[in-house]
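Fold and contact review
This is what each chain is made of:
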Amino acid sequence: MAKKNKKFKETTIENYYDLKIDKVDELVAALKGDDFEDSESVSMNISDCTGETNDAYLTRRGKQKQFDPYKIDKFSRIPAWIKALFIKWWFAGMVCYFVKMGINISDPLDSIVLCGAVLGLIVDVLVNPLFRYMESDRKEYNAYMMFPFPFKQFWTFFTNILYYVLVLAFVNGCYLGLNELINLIKGTTQQLHIGVEPLLFAVFAVAVDMAFIGIKDGIVYLVKKSKSKKKEGEVNV
């Protein structure tokens, strides 16, 4: 009796896998556009799939638009570095517009601390999660984050705030240096002063931010390289 049950289970499993193989063959044939026996050809026209007749489903030449599962959208064609720098630049400009210019703090130190804290909060809550959402398996946005951790860490909330306070301190130094350079070139006794506005502020913020990230990436690379050399030396010994 046990032998019969075992034989029945084995034949059932074999039939099960045979059935799946047949279905895979049908799916491959459908994707190739072939016809099966006793079946109709699969239409890739959007109007046929949705059951609606609309002019939006027609091309300029009057042909039916078709589904293309392998089509790459226009946003995905933009290089990752352009999207990353634009997002960082845009959020930095918004912080300047709404916080620095909106509140109009007179004391420079208070302005640096407040704007840096707000920018660090936005980067931790919005920018870095957005980068994680857009990235692929290549992790191409890691090069644009100071703390590129794969999932949310509680301590990055505070480190991002402290880090961007430091970034805005250097941004303030960039403005001071630019003003000194302009006055030196002009050679006039009257001191010229460039005011803070979102566009240039965001450029300085992104430049300083990427400079610090580049230094961090260089240090990480050197540490990993030294560790790999130590391991190779231990293996050779």
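None of these values were measured; they are calculated from a predicted model.

**Topic: the packing of helix α5 (residues 108-134) against helix α6 (residues 156-186)**
Remark: α5 packs on α6, axes separated minimally by 7 Å, with the N-to-C direction vectors making an angle of 130°. Relative to α6, α5 is oriented oblique. Relative to α6, the crossing made by α5 is right-handed. Between α5, through Ile-112, Val-113, Cys-115, Gly-116, Ala-117, Leu-119, Gly-120, Leu-121, Val-123, Asp-124 and Asn-128, and α6, the contact on the second element is made entirely by Thr-156, Phe-157, Asn-160, Ile-161, Tyr-164, Val-165, Leu-168, Ala-169 and Asn-172. Residues that form the contact of α5 with α6 fall into these classes: 13 nonpolar, six polar and one charged.

**Some details on the nonpolar core**
Core analysis: the largest hydrophobic core is formed by 31 residues, its most contacted members being Val-127, Phe-131, Leu-168 and Val-171. For this core, the secondary structure elements donating two or more residues are α4 (80-104), α5, α6 and α7 (198-236). When residues of this core are assigned to their parent elements, the largest contribution, eight residues, is made by α5. Those residues in contact with Leu-168 that lie beyond four places of it in its chain are Ile-112, Cys-115, Gly-116, Leu-119 and Phe-201.

**Re the layout of surface pockets**
Taken as a whole, the largest pocket encloses approximately 350 Å³ of empty space. As for the largest pocket, its lining consists of 20 residues, of which Lys-100, Pro-108, Ser-111, Asn-172 and Val-196 are closest to the centre. When contributions to the lining of the largest pocket are tallied by element, the ones reaching two or more residues are α4, α5 and α6. For the lining of the largest pocket, the element with the most residues is α6, which contributes six residues. Among the residues making up the lining of the largest pocket, the classes are represented as 11 nonpolar, seven polar and two charged.

**Some thoughts on the environment of Trp-89**
As for its position among the elements, Trp-89 is in helix α4. In sequence terms Trp-89 and Phe-201 are 112 residues apart; their C-alpha atoms lie 8.9 Å from each other. With residues near it in sequence (within four places) discarded, Trp-89 still touches Leu-199, Ala-202, Val-203 and Val-206.

**A look at α6**
With 31 residues, α6 should reach 45 Å at 1.5 Å per residue; the first-to-last C-alpha distance of 44 Å fits that figure. Listing the buried residues of α6 in full gives Thr-156, Asn-160, Ile-161, Tyr-163, Tyr-164, Val-167, Leu-168, Val-171, Tyr-175, Asn-179 and Asn-183. Of the residues trailing α6, Gly-187 is marked for its positive phi of about 70°.

**A look at empty space enclosed by the protein**
Following the criterion strictly, the structure yields one cavity of 30 Å³ or more and no others. Of the volumes computed, that of the largest cavity is approximately 80 Å³. As for the largest cavity, its lining consists of Lys-88, Phe-91, Ala-92, Leu-119, Val-123, Val-127, Tyr-164, Ala-205, Val-206 and Asp-209. Those elements giving two or more residues to the lining of the largest cavity turn out to be α4, α5 and α7.

**Re the state of the cysteines**
On inspection of all chains with the given rule, the structure shows zero disulfides. Take Cys-115: it sits in no disulfide, and the sulfur closest to it among the cysteines is that of Cys-96, at 7.0 Å.

About the cut-offs
- Residues numbered from 1 in each chain as written.
- Predicted model: local features only at pLDDT ≥ 70, side-chain atom pairs only at ≥ 80, totals over all residues.
- Heavy atoms only, no water.
- Axes fitted to C-alpha atoms, helices over the stretch in contact; angles between N-to-C directions.
- Helix = DSSP H or I, 4+ residues; strand = E, 2+ residues; numbered from the N terminus.
- Parallel < 35°, antiparallel > 145°, perpendicular 65-115°, else oblique.
- Left-handed = near helix turned anticlockwise from the far one by under 90°.
- Contact = heavy atoms within 4.5 Å.
- Nonpolar A, V, L, I, M, F, W, Y, C, P; charged D, E, K, R; others polar.
- Core = buried A, V, L, I, M, F, W, Y, C linked by side-chain atoms within 4.5 Å.
- Buried < 20%, exposed > 50% of the residue type's maximum accessible area, 1.4 Å probe, protein only.
- 1 Å grid on protein atoms, 1.4 Å probe; cavity = no way out; pocket = protein on both sides within 12 Å on 5 of 7 lines; lining within 4 Å.
- Points joined across faces, edges and corners; volume = space filled by probe spheres on them.
- Expected span 1.5 Å × (residues − 1).
- Disulfide = S-S within 2.5 Å.

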